[in-house]
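Residues per chain, in single letters:
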Amino acid sequence: MARRILRSMMSLTRALQGSRAMSTGVVSISYQTLVSLPSSLETCIEEAFGSHPQALGIILVKDLPPVYPIYRERLLKLAYNFAHLDEDIREKYVDPGSIYSYGWSHGKEIMNGRPDTLKGSYYANPIVDVPDVNPAVKAAYRPIYGDNVWPDKNETSIEGFEEAFKDLGRFVFDVGCQLAGACQPFVSKYLTDASLSVPELISTQTAKARLLHYFPPSENGPTTEDETIDSWCGFHKDHSLLTGLCSAIFLREEAGMDPTAVPPPSPTSGLYIRTRGGDLTKVSIPPDCLAFQTGEALELVTAGKLRATPHCVRVGQTQGGANISRETFALFMQPDTHQRISESDTFGSFSKKVLEEHYEEARVI
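Keep in mind it's a predicted model, so treat the numbers as computed, not measured.

So, how was this worked out
Residues numbered from 1 in each chain as written. Predicted model: local features only at pLDDT ≥ 70, side-chain atom pairs only at ≥ 80, totals over all residues. Heavy atoms only, no water. Helix = DSSP H or I, 4+ residues; strand = E, 2+ residues; numbered from the N terminus. Contact = heavy atoms within 4.5 Å. Core = buried A, V, L, I, M, F, W, Y, C linked by side-chain atoms within 4.5 Å. Buried < 20%, exposed > 50% of the residue type's maximum accessible area, 1.4 Å probe, protein only. Pairing = 2+ DSSP bridges. Axes fitted to C-alpha atoms, helices over the stretch in contact; angles between N-to-C directions. Salt bridge = Lys/Arg side-chain N within 4 Å of Asp/Glu carboxyl O. Patch = residues over 30% accessible without salt bridge, like charges linked within 9 Å, V, L, I, M, F, W, Y side chains within 5 Å. Areas by Shrake-Rupley, 256 points an atom, 1.4 Å probe, with all protein chains shown as cover. Lys, Arg positive; Asp, Glu negative; His and termini not counted. Charge placed at Lys NZ, Arg CZ, Asp CG, Glu CD. pLDDT = per-residue confidence, 0-100. Phe/Tyr/Trp six-rings, centres within 6.5 Å; stacked < 30°, edge-to-face > 60°.

Visitor: How should I be thinking about the side chain of Thr 275 in this particular structure?
Guide: By secondary structure assignment, the location of Thr 275 is in the loop between strand 13 (270-274) and strand 14 (280-283). With residues near it in sequence (within four places) discarded, Thr 275 still touches Pro 53, Gln 54, Ala 55, Leu 56 and Thr 281.

Next up, the structure:
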């Protein structure tokens, strides 16, 4: 009996060794622990997602299956290739009827009060191609329940785009669902409706992934000493419950050659987050890790007891990095439109308000 208890304690210790706060202040948990002992992670999750002043609202998942870096590198390089297609080809995959919430989008989103030309995005639901919802609901919430728009399978330089997008998106979604389950004991203490479950709030029908290409700073971004901290992407909060994030890759464009993976254009380039206490922190996601951060839907279902994560992306002071782009991928995990997330809003009505803030077209629907 004593030996069994000792073996059990040793197993628990080994599992917990992979879950700790990193020196940067970003909490890191092991994927193996997430799968085998999720109940052991409540302290780590509270440290990452809680409301204490040092909380960043982001958590890293490391020790992922070896297929992850393959999926990540394949799709992020395709993001670069798609952004370098001729404009008339890219425009074939624009979907204005969804308020640019599916397919290719560039220069349509309003950030910091002006059209955002700093990045291009490709949106799709990697889990469901055609959402299975009532036609009237689908028509009322086309930006959420639209049909995926995929490039032609024989489009030169982006062959395999759909498969690569789905492979990475489904991988991130599966890890996110595991994390949502591990979050339930912590989040349940703050939910305004005790019957809600974080894993059950996440819908396959509304999952939305965003493949991002940040254009080189010489084309669109400031490089002067008065550069703002959010020079590559303005400060914002995601309106999801949880957002999965891949580590970005930076690619240098070489005339007549394939792009080359390089370091960021500046040590100050990258993702910045404001802690719950208001401090600005640069956050680095290791290439072999996934990150998950909290969104506004979680803030609303807890009546502000848990908060969304304010974040932005900075170009940084570039030196010889004029032709360096940034490629990354985000997956938004969120409820169905009918789900009530506050006294005044369902997720659907809240999403419409968010769209109206960022797209002129949404204001006339």
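Back to the write-up after that little detour.
Visitor: What exactly am I supposed to notice about the nonpolar core here?
Guide: In summary, soluble globular proteins display a tendency toward joint burial of nonpolar side chains. Judged by nonpolar contacts, the single largest core of 77 residues is most densely connected at Tyr 122, Phe 165 and Phe 329. With 14 residues, helix 8 (residues 161-187) is the single largest residue contributor to this core. Those residues in contact with Phe 165 that sit more than four places away from it in its chain are Leu 75, Tyr 122, Tyr 123, Ala 124, Pro 126, Trp 150, Ala 209, Leu 211 and Phe 329. Within the second largest apolar cluster, 13 residues are counted, among which are Val 26, Ile 285, Cys 289 and Phe 332.

Visitor: How should the sheet that holds strand 14 be read in this particular structure?
Guide: In any sheet, the strands associate via hydrogen bonds between backbone groups, in a parallel or an antiparallel arrangement. Read from one edge of the open sheet, 4 strands run 9-16-13-14, paired in antiparallel fashion. Strand pairing shows two members of the sheet lacking a second neighbour, strand 9 (233-236) and strand 14, which therefore form its edges. Each strand axis lies, on average, 30° off the axis of its neighbour in the sheet, ignoring direction. As paired strands, strand 13 and strand 14 are joined by 4 bridges and run antiparallel to one another. Across the sheet, Ile 273 pairs through a bridge with Thr 281, a residue of strand 14.

Visitor: I keep staring at the pattern of salt bridges and nothing clicks. Help me out?
Guide: The tally for this structure, following the rule as stated, stands at 13 salt bridges. As a salt-bridge pair, Lys 92 and Asp 152 come within 3.6 Å of each other at their nearest N and O atoms. Remark: Asp 152 occurs in the loop between helix 7 (142-145) and helix 8 and Lys 92 occurs in the loop between helix 5 (87-90) and strand 4 (103-106); sequence separation between them is 60 residues. A residue is classified by how much of its surface remains accessible, and Lys 92, at 48% relative accessible area, is partly exposed.

Visitor: Where do I start with a negative patch on the surface in this structure?
Guide: Taken together, the side chains of Asp 86, Glu 87, Asp 88 and Glu 91 define an acidic patch exposed on the protein surface. Along the polypeptide, Glu 87 turns up in helix 5. For Glu 87, a relative accessible area of 53% puts it in the exposed group.

Visitor: Which parts of the structure should I look at to understand the environment of Ile 285?
Guide: Structurally, Ile 285 is set in the loop between strand 14 and strand 15 (290-294). Judged by relative accessible area, which is 13%, Ile 285 ranks as buried. Taking the C-alpha atoms as reference points, Ile 285 and Val 61, 224 residues apart in sequence, are found 9.7 Å from one another. If sequence neighbours within four positions are ignored, Ile 285 has contacts with Leu 60, Leu 245, Cys 246, Ser 247, Leu 271 and Ala 291.

Visitor: Even after reading the chapter, I still don't get the confidence of the model for the protein chain, so can you show me in this structure?
Guide: Low pLDDT means the predicted coordinates in that region are not meant to be read closely. Chain-level statistics for the protein chain give a pLDDT mean of 89 and a share of 88% at 70 or above. For the stretch residues 1-23, pLDDT sits under 50, and the model shows 25 contacts to residues farther than four places along the chain or on other chains.

Visitor: It is not clear to me how the packing of aromatic side chains should be interpreted in this structure. Could you clarify?
Guide: How two aromatic rings sit relative to each other is given by the distance of their centres and the angle of their planes. Tallying each qualifying case throughout the model produces 14 aromatic pairs. Consider the rings of Phe 161 and Phe 165, whose centres lie 6.1 Å apart with planes at 35°: the pair is tilted. Here the residue Phe 161 and the residue Phe 165 both occupy positions in helix 8, the gap between them amounting to 4 residues, near one helical turn. Ring geometry for Trp 232 and Phe 250: centres 6.3 Å apart, planes at 25°, overall stacked.

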